[in-house]
Structure formats: C-alpha cells, structure tokens
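Here is how the chains run, residue by residue.
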Amino acid sequence: EAQEGKRQAILAIENFMRYESIKKFTQSGIDFYNREEFKQAREDFMNVLQLDPENDTAEEYLEKIDDRLHEKKKEEERIKQAEILYASGIKNLKEYKFDEAQEDFEQILSLFDNKNYRDTQQKLDSIPSLREEFERKSREQKLKEIDELFNKGMIALTDGRFQDAISYFEKTLV
C-alpha cells in the first residue's frame, strides 16, 4: 500500500507540474502574440500541445498566428508592389508621361483601399497642374522655335536666298 500511495503522489506531482507548465506556456504564448512576436508565440503554443494535445486555446492561437502571418505577408507584398509602382510613377512624372503616372498612383491607392500611401494622393492631385505647366512650356518652346525659323526666313529673303527662305517658312507651318 505504501508503494501505491507513493506512486499516486508522484502522479499527482507530475500532473500538477504538467498543469503549471501548460499554464506558463499558454500565458507566455499569449504575451508573445500580443507583442506580435509570432515565432516565439508559436513555439510556446506548440509546447502546450505537446503537453496537452487537445488544448483548444493553443489550437485557436496557432490558427490566429497563421492568419496574422498570412496577412502580414500579404501586406508586405502590397508594400513591395506599391514601392515599385511609386518609383514608376515618379519616373513617369519626370519624363512627362502623365497618363502612365496617374495609372501608377491610382493602382497604389487601389492596393490600399484608397488609403493614402506615402504621398500618392498628393502626387495624383498634382498631375493636372503639372500637365498644364508642361503643355504651356511646350507651347512657348514651339512658338520660340517658330519665331526663330521665321526670323531666319526673313533674313534669307532679305539676302535674296529665296529657296532658303521658303524652306524656313515651310518649317514654321509644321
């Protein structure tokens, strides 16, 4: 009988220690989860399942961890894609490709459900005025070129170089 009592006492102590370990790992796993330290949280919940394979709390948290990691990965992919689009948008603005830039910036906003990413909305809002400024400068440049060609034509005409004058005047019509 003494042996049986000793055996039951050892089992009780082992069960108590197992219960305390489960409690400790569960609380530690929850703490790691709340701090978004998912790798450590996963380790603790896996330890819980080794001690108690049917522990619902550990199973629920492992599922939550997987969901959060999946969302985090998707978010990282969206950010990576947004960075590529943002760089393309900036490049297109510098090259005066306003339609392409607008498309890049609109795609960024769609990746984030129209929430602003960096200064995407500001860049998008600036496109009409940038386009206007570019067109104005282009017109001014074209008028300057026409004026120069016309003046060269007048000089050629005055000098009696009629073919040159005609050539210059024709270029002003293009």
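Residues numbered from 1 in each chain as written. Predicted model: local features only at pLDDT ≥ 70, side-chain atom pairs only at ≥ 80, totals over all residues. Heavy atoms only, no water.

**Student:** Describe the overall build of the protein, naming the residues involved and giving the relevant values.
**Tutor:** Broken down by element type, the protein carries 6 helices and 0 strands. Each helix (α) and strand (β) of the protein, taken in turn from the N terminus, gives the series α-α-α-α-α-α. In summary, the protein has a C-alpha radius of gyration of 37 Å against a globular reference of 16 Å for 174 residues, an excess of more than 25%. Once the C-alpha set of the protein is aligned to its principal axes, its extents read approximately 135 × 25 × 20 Å. Here the protein holds 174 residues, and 24% of them are scored as buried. Of the charged side chains in the protein, 30 are positive and 41 negative; the average position of the first set lies 5 Å away from that of the second. (Helix = DSSP H or I, 4+ residues; strand = E, 2+ residues; numbered from the N terminus. Rg over C-alpha atoms; globule rule 2.2 N^0.38 Å. Buried < 20%, exposed > 50% of the residue type's maximum accessible area, 1.4 Å probe, protein only. Lys, Arg positive; Asp, Glu negative; His and termini not counted. Charge placed at Lys NZ, Arg CZ, Asp CG, Glu CD.)

**Student:** Can you break down the nonpolar core residue by residue, with the values?
**Tutor:** A82, L93, F105, I108, F112 and I127 are the most contacted members of the largest nonpolar core, which totals 15 residues. Those elements that provide at least two residues to this core are α3 (56-94), α4 (98-111) and α5 (120-158). Top contributing element to this core by residue count: α4, with 6 residues. With 14 residues, the next largest nonpolar core counts I30, F38, A41 and L49 among its residues. (Core = buried A, V, L, I, M, F, W, Y, C linked by side-chain atoms within 4.5 Å.)

**Student:** Describe the packing of helix α1 (residues 2-34) against helix α2 (residues 38-51), with residues and values.
**Tutor:** As a packed pair, α1 and α2 sit with axes 8 Å apart at the nearest point and diverge in direction by 160 degrees. On the basis of their axis angle, the class for α1 and α2 is roughly antiparallel. Crossing of α1 over α2 shows left-handed handedness. Two secondary-structure elements touch here, α1 through R18, S21, I22, F25, T26, S28, G29, I30, F32 and Y33 and α2 through F38, Q40, A41, D44, F45, N47, V48 and L51. Partitioned by chemical class, the residues of the contact of α1 with α2 number 10 nonpolar, 6 polar and 2 charged. (Axes fitted to C-alpha atoms, helices over the stretch in contact; angles between N-to-C directions. Parallel < 35°, antiparallel > 145°, perpendicular 65-115°, else oblique. Left-handed = near helix turned anticlockwise from the far one by under 90°. Contact = heavy atoms within 4.5 Å. Nonpolar A, V, L, I, M, F, W, Y, C, P; charged D, E, K, R; others polar.)

**Student:** Go over the pattern of salt bridges with me, naming the residues and quoting the values.
**Tutor:** Considering all chains together, one arrives at 17 salt bridges under this definition. A salt bridge links R118 to E83, with the nearest nitrogen and oxygen atoms 2.8 Å apart. With R118 in the loop between α4 and α5 and E83 in helix α3, the pair connects residues that are 35 residues apart, well separated along the chain. With a relative accessible area of 49%, R118 lands in the partly exposed category. The closest approach of N and O atoms between D159 and R161, which form a salt bridge, is 3.5 Å. Judged by relative accessible area, which is 51%, D159 ranks as exposed. Using a relative accessible area of 36% as the deciding quantity, one classes R161 as partly exposed. Linked by salt bridges that have partners in common, E133, R136, K137 and E140 make up one network. (Salt bridge = Lys/Arg side-chain N within 4 Å of Asp/Glu carboxyl O.)

**Student:** I'd like to hear about a nonpolar patch on the surface, residue by residue, with values.
**Tutor:** A surface patch of nonpolar side chains, about 460 Å² in accessible area, is lined by I13, F16, M17 and Y19. Tracing the backbone through its elements, the reader meets I13 in helix α1. (Patch = residues over 30% accessible without salt bridge, like charges linked within 9 Å, V, L, I, M, F, W, Y side chains within 5 Å. Areas by Shrake-Rupley, 256 points an atom, 1.4 Å probe, with all protein chains shown as cover.)

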